[in-house]
Amino acid sequence: MVNIPLFPLRAVLFPKCKMQLQIFEPRYLDMISYCMKHDQGFGVILVAEGSEFDVKHIEHVGTLAKISDFFQLPNGLLGITITGEGKFSILDHWKSEKGFLMSESQLLPEEPHISVPDEWFGLVDLLKALVQHPLLQDLELDVNYGDAMVVSNHLAAYMPFSEEKKQSMLEISNPLTRLEKLKGLLNDMQHSA
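All values reported here derive from a predicted model rather than from experimental measurement.

### Concerning the overall build of the protein
Along its length, the protein carries six helices and seven strands. If you list the helices and strands of the protein from N to C, you get β-β-α-β-β-β-β-β-α-α-α-α-α. In summary, the protein has a C-alpha radius of gyration of 17 Å against a globular reference of 16 Å for 193 residues, a match within 12%. With respect to the principal axes defined by its C-alpha atoms, the protein has extents near 50 × 40 × 30 Å. Expressed as a percentage of its 193 residues, the buried residues of the protein come to 47%. Restricting the contact set of the protein to residue pairs at least 6 apart, pairs at least 24 apart contribute 64%. Approximately 10,100 Å² of the protein is accessible, and the part contributed by carbon and sulfur atoms is 51%. One way to put it: in the protein the 16 positive side-chain charges average out to a point 2 Å from where the 26 negative ones average out.

### Regarding the packing of helix H2 (residues 121–130) against helix H4 (residues 148–158)
One way to put it is that H2 packs onto H4 with a least axis distance of 10 Å and a crossing angle of 55°. Classed by the angle they form, the pair H2 and H4 counts as oblique. The interaxial crossing formed by H2 with H4 has left-handed handedness. The segment H2 lies against H4, with Leu123, Val124, Leu126, Leu127 and Leu130 engaging Val151, His154, Leu155 and Tyr158. Classifying every residue of the contact of H2 with H4 gives eight nonpolar, one polar and no charged.

### A few points about the packing of aromatic side chains
In total, this model carries three aromatic pairs according to the counting rule given. Relative to tyrosine 28, the ring of phenylalanine 7 has its centre 4.3 Å away and its plane inclined at 5°; by these criteria the two rings are stacked. Pair noted here: phenylalanine 7 is in strand S1 (residues 2–9) and tyrosine 28 is in helix H1 (residues 26–37), with a separation of 21 residues, a long-range link. Ring centres 5.8 Å apart and planes at 55° place the aromatic pair tyrosine 34 and phenylalanine 100 in the tilted group. On the criterion of sequence distance, the pair formed by tyrosine 34 in helix H1 and phenylalanine 100 in the loop between strand S6 (78–95) and strand S7 (101–107) is long-range, its members being 66 residues apart. A residue is classified by how much of its surface remains accessible, and tyrosine 34, at 25% relative accessible area, is partly exposed. The rings of Phe7, Tyr28 and Phe42 are connected pair by pair, giving a single aromatic cluster. The ring of tyrosine 145 carries lysine 128 above its face, with NZ or CZ at 5.3 Å from the centroid.

### Here's the deal with unusual backbone geometry
The backbone phi angle of lysine 16 is positive, close to 75°, even though this residue is not glycine. Secondary-structure assignment places lysine 16 in the loop between S1 and strand S2 (18–23). Judged by its relative accessible area of 42%, lysine 16 is partly exposed.

### Side note on the pairing of S1
By the criterion of burial, S1 is predominantly enclosed, with six of the eight residues buried. Where S1 meets S7, five bridges bridge the pair, whose relative direction is antiparallel. Note that in S7 the partner of valine 2 across the bridge is serine 105. Summarising the sheet, S1 and strand S3 (residues 42–50) pair through four bridges and their orientation is parallel. Bridge pairing in S3 places phenylalanine 7 opposite valine 44.

Cut-offs applied
Residues numbered from 1 in each chain as written. Predicted model: local features only at pLDDT ≥ 70, side-chain atom pairs only at ≥ 80, totals over all residues. Heavy atoms only, no water. Helix = DSSP H or I, 4+ residues; strand = E, 2+ residues; numbered from the N terminus. Rg over C-alpha atoms; globule rule 2.2 N^0.38 Å. Buried < 20%, exposed > 50% of the residue type's maximum accessible area, 1.4 Å probe, protein only. Contact = heavy atoms within 4.5 Å. Areas by Shrake-Rupley, 256 points an atom, 1.4 Å probe, with all protein chains shown as cover. Lys, Arg positive; Asp, Glu negative; His and termini not counted. Charge placed at Lys NZ, Arg CZ, Asp CG, Glu CD. Axes fitted to C-alpha atoms, helices over the stretch in contact; angles between N-to-C directions. Parallel < 35°, antiparallel > 145°, perpendicular 65-115°, else oblique. Left-handed = near helix turned anticlockwise from the far one by under 90°. Nonpolar A, V, L, I, M, F, W, Y, C, P; charged D, E, K, R; others polar. Phe/Tyr/Trp six-rings, centres within 6.5 Å; stacked < 30°, edge-to-face > 60°. Lys NZ or Arg CZ within 6 Å of the ring centre and 35° of its normal. Pairing = 2+ DSSP bridges.

Printed below as a string of structure tokens:
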């Protein structure tokens, strides 16, 4: 069991993926300071009910985030780039003295590193095209296109799926199962277009 500070968002972070955040609420500035002081990351967890400002309910599986870059935004606020590490499951959570959420969590086993089977090379090509998008180029992604976990996580993270669908893909522990689910969701998108 580990104690992990939580950052509830209406977004899902996947292991090996990056995300940029704007930090302006005092409690989250305090949380970042706490993480730096204790040389640890924080957990990104999906807000299941409510908003980022008024959290009613959070999901139980999230991703540990490591701060990989700090920068000042044009509006003067703090910006950070985070990189997803391992997944965790929340056993209990509470509000810290500084107002941010803390959790007692269990780290989940790392997914197996499996080579992408030949039948999924179309998804690899889709991801190669996706990382060329200007919004993703800013993240300077380092993608191992041969690893099914990395490929499936990046596609799940950066395709325009609902956050609830992303959460369901985060909770899958086998990358080949996630690729299968992605294929189904992409087929649904094509048929509804």
